[in-house]
Amino acid sequence: MSPALEIRAERLATVFRQVPLAVGVSVVNAAIMVALLGAVLPPAGLAAWFAAGLGLGALRLLAWRAHARDAAPAARLARWEAAGCILAALAGLLWGGGAAWLWPASETHQMLWVFVVGGMCAGAAALHYAHLPTVLCFTLCAGGPIAGRLAAEGTGRGLAAGAMIGVFLLALTISCRRSSAQFGEYQRLRVALLEQRRELEALDARLRAEVAEHRTTEASLRQAQKMEAIGQLTGGIAHDFNNLLTVVLGSLALLRKRLPPCDARIARLLDNAAEGATRGAALTQRLLAFSRRQTLHPAAVDLPRLVQGMSDLLRQSLGPAHVLRTRFPPGLAAACVDANQLELALLNLAQNARDAMPDGGTIDITAEPQRLGAGEVPGLAPGCYLALAVADHGSGMDAETLARATEPFFTTKGIGRGTGLGLPMVQGLAAQSGGAFALRSAPGAGTVATLWLPQAAAADAAAPAAAAPAAAKAASLAVLLVDDDALVLASTAAMLEDLGHRVVQAGSGAAALDRLREGAPAELLLTDYGMPGMDGLTLAAAARRLRPGLPVVLATGYGELPAAEQAGCIRLAKPFGQAALNAALVAAVPAADDAAGDAAVRHPA
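Worth saying up front: this structure is predicted, and the values here are computed from it rather than measured.

A few points about helix α1 (residues 3-17)
Counted at 1.5 Å a residue, the expected span for α1 with its 15 residues is 21 Å, and the 21 Å between its end C-alpha atoms agrees. Inspection of α1 places E6, I7, A9, R11, L12, A13, T14, V15 and F16 among the buried residues, and these make up the whole buried set.

Structure follows, in structure tokens:
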């Protein structure tokens, strides 16, 4: 509504709000006039006038009530203005016309009519000044007939009295016009203030929203920085721990070869030590998964087939008190993900669901295709995804626990029942695979864990998986072995020598290059990646400048190293045993013989 229209509507509303008072005053004054003039005026005429006043008063009250009930009077403003003016004119004619009709012969009674009608005009001006047309309709219709009746007498007294009434009406009109103008100015100020208030409220709401968004963004940034710092820390711990496990596993394997076959007790102790080291290796894989540094081999994975293939394992892990249900739509597209890591993630989520229902229950594994737009799932680009969900009907999590559920090492399980790395590992797998992970939970309502995985391309889904060939034993080689960790260097050298290779050791990249410049025999370079001063990739490039075509095996306790593929190096993940070491050597020598510049990487089994 425009300001001018709003002011007009307020003027008319002010008039209608005063109607009950105006009708009451009019009826009371009419009753007084009947009492005072009943003896000098015709009773029939006076009764008819009074009845007309009561009827008009009732009509004005009905109009007042209708206006109050109108939900949008401004939409019918012209109609209500006309109704208000007509009713005011009729009220004025009731008094002015009634006085002219019932005009008494006594001058005293005539002055009584003039006095009462003049008071009614002044009262109308006081009540209805906000809307000038309403005031004029009443005053002119009330004062005009009396002024005309007096002037029609033709006497000097009558003409003077009529002129005085005209001057009174003019003065009253001027006064009302000024009061109406002041009312309009007040209303304009009020509307302007309301508009400014609305603008300020809108600005305040926008400011509050921006502050809330800023706080949310700041909290998200702090959380991301914290998780990045924890990721770097855990990745570094995993790297160092993998170095130690390489020494342990390698030494245990060599020790087993030298063990007398009849000593079962020592064999059992070695098995226990190897099992402990293997569990440690699994823990470091979870650390690398959380820090998004694990090595992934994404391929087209048929989710229903994968879940069906591990259903026996899942049911054994869940126990007889829990029921596993799966639901997949027909013709579900393949997901692009590392199948082995996805199996570990599903097993972890299923075990969490089991622990949330200690008395038993149903666990649902479902999947459905989803085409996501921008911003529908935080952190996901628009595209086609598969939503793989694991749902339970257990105790659920409160908001505080849910907010910390994916923090590393946070767990609500008892001591010895959880490491706090399961959900962070799942989240890291999803993020590293180009997807996302989310939890939805509430106390008493269970938990739904959803993995959004990118949909595999049709060509990838149709390509059959190539079977990895078994690695034969590598021929005897002269190996230049480089590692800055003396324990790893000694353990790896022992495994190489046990395989029949000749080993030249170096504790740094610079020392290895010095060995090559001195003419040390080297048919293959086996180097650690994370070394101070000169990393393994830099050493590989420098070594190949001295010995063109030199095969390189890059050992690392970190996860993905895309640059290793570009450099044409065979990657050997720590911790490794003798079998994995031999497979890497077998893969490296044919790779160098077939094509010296080939950048394709074949991962050892």
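Thoughts on the packing of helix α10 (residues 311-318) against helix α11 (residues 339-356)
Two numbers describe how α10 lies on α11: the axes approach to 10 Å, and their chain directions differ by 30 degrees. With respect to α11, the element α10 is oriented roughly parallel. Between α10 and α11 lies a crossing whose hand is right-handed. Residues L313, L314, S317 and L318 of α10 lie in contact with α11, whose contacting residues are L346, L347, A350, Q351 and R354.

Focus: unusual backbone geometry
Note that the residue after K574, namely P575, is joined by a cis bond; omega there is 0 degrees. Positionally, P575 belongs in the loop between β12 (570-573) and α19 (578-594).

Some points on a nonpolar patch on the surface
Where nonpolar side chains cluster on the molecular surface, the patch consists of V28, I32 and L36 and spans about 270 Å² of accessible area. Taking relative accessible area as the criterion, V28 reaches 49% and is therefore assigned partly exposed.

Quick word on the nonpolar core
Residues W49, W95, W113 and F138 are the most contacted members of the largest nonpolar core, which totals 43 residues. Only α1, α2 (19-37), α3 (43-69), α4 (77-101), α5 (107-128), α6 (132-152) and α7 (156-257) provide two or more residues apiece to this core. The biggest single contributor to this core is α4, with eight residues. Filtering out sequence-adjacent residues up to four positions away, W113 remains in contact with M33, L37, L41, W49, W95, A99, L102, W103, P104 and I146. Grouped together as the second largest cluster of nonpolar side chains are 36 residues, A367, L388, M425 and V426 included.

Some remarks on empty space enclosed by the protein
Under the counting rule described, the total for this entry stands at four cavities of 30 Å³ or more. Lining the largest cavity are V15, F16, V19, R60, A63, G84, L87, A88, H128 and T134. For the lining of the largest cavity, the elements supplying multiple residues, two or more each, are α1, α3 and α4. No other element matches the three residues that α4 contributes to the lining of the largest cavity. Across the lining of the largest cavity, the residue classes tally to six nonpolar, three polar and one charged. Taken as a whole, the second largest cavity holds about 60 Å³ of empty space.

A word on the pairing of strand β7 (residues 447-454)
When you tally the buried positions in β7, you get eight out of eight residues, the bulk of the element. Burial along β7 is two-sided: T447, A449, L451 and L453 facing one way and V448, T450, W452 and P454 facing the other are all buried. Bridging between strand β5 (residues 383-392) and β7 involves eight bridges; their strand directions are antiparallel. Within the sheet, the bridge partner assigned to A389 lies in β7 and is T450. Taken together, the six bridges between strand β6 (residues 436-441) and β7 define a ladder with antiparallel strand orientation. When the bridges of β7 are listed, L439 appears paired with A449.

So, how was this worked out
Residues numbered from 1 in each chain as written. Predicted model: local features only at pLDDT ≥ 70, side-chain atom pairs only at ≥ 80, totals over all residues. Heavy atoms only, no water. Helix = DSSP H or I, 4+ residues; strand = E, 2+ residues; numbered from the N terminus. Expected span 1.5 Å × (residues − 1). Buried < 20%, exposed > 50% of the residue type's maximum accessible area, 1.4 Å probe, protein only. Axes fitted to C-alpha atoms, helices over the stretch in contact; angles between N-to-C directions. Parallel < 35°, antiparallel > 145°, perpendicular 65-115°, else oblique. Left-handed = near helix turned anticlockwise from the far one by under 90°. Contact = heavy atoms within 4.5 Å. Patch = residues over 30% accessible without salt bridge, like charges linked within 9 Å, V, L, I, M, F, W, Y side chains within 5 Å. Areas by Shrake-Rupley, 256 points an atom, 1.4 Å probe, with all protein chains shown as cover. Salt bridge = Lys/Arg side-chain N within 4 Å of Asp/Glu carboxyl O. Core = buried A, V, L, I, M, F, W, Y, C linked by side-chain atoms within 4.5 Å. 1 Å grid on protein atoms, 1.4 Å probe; cavity = no way out; pocket = protein on both sides within 12 Å on 5 of 7 lines; lining within 4 Å. Points joined across faces, edges and corners; volume = space filled by probe spheres on them. Nonpolar A, V, L, I, M, F, W, Y, C, P; charged D, E, K, R; others polar. Pairing = 2+ DSSP bridges.

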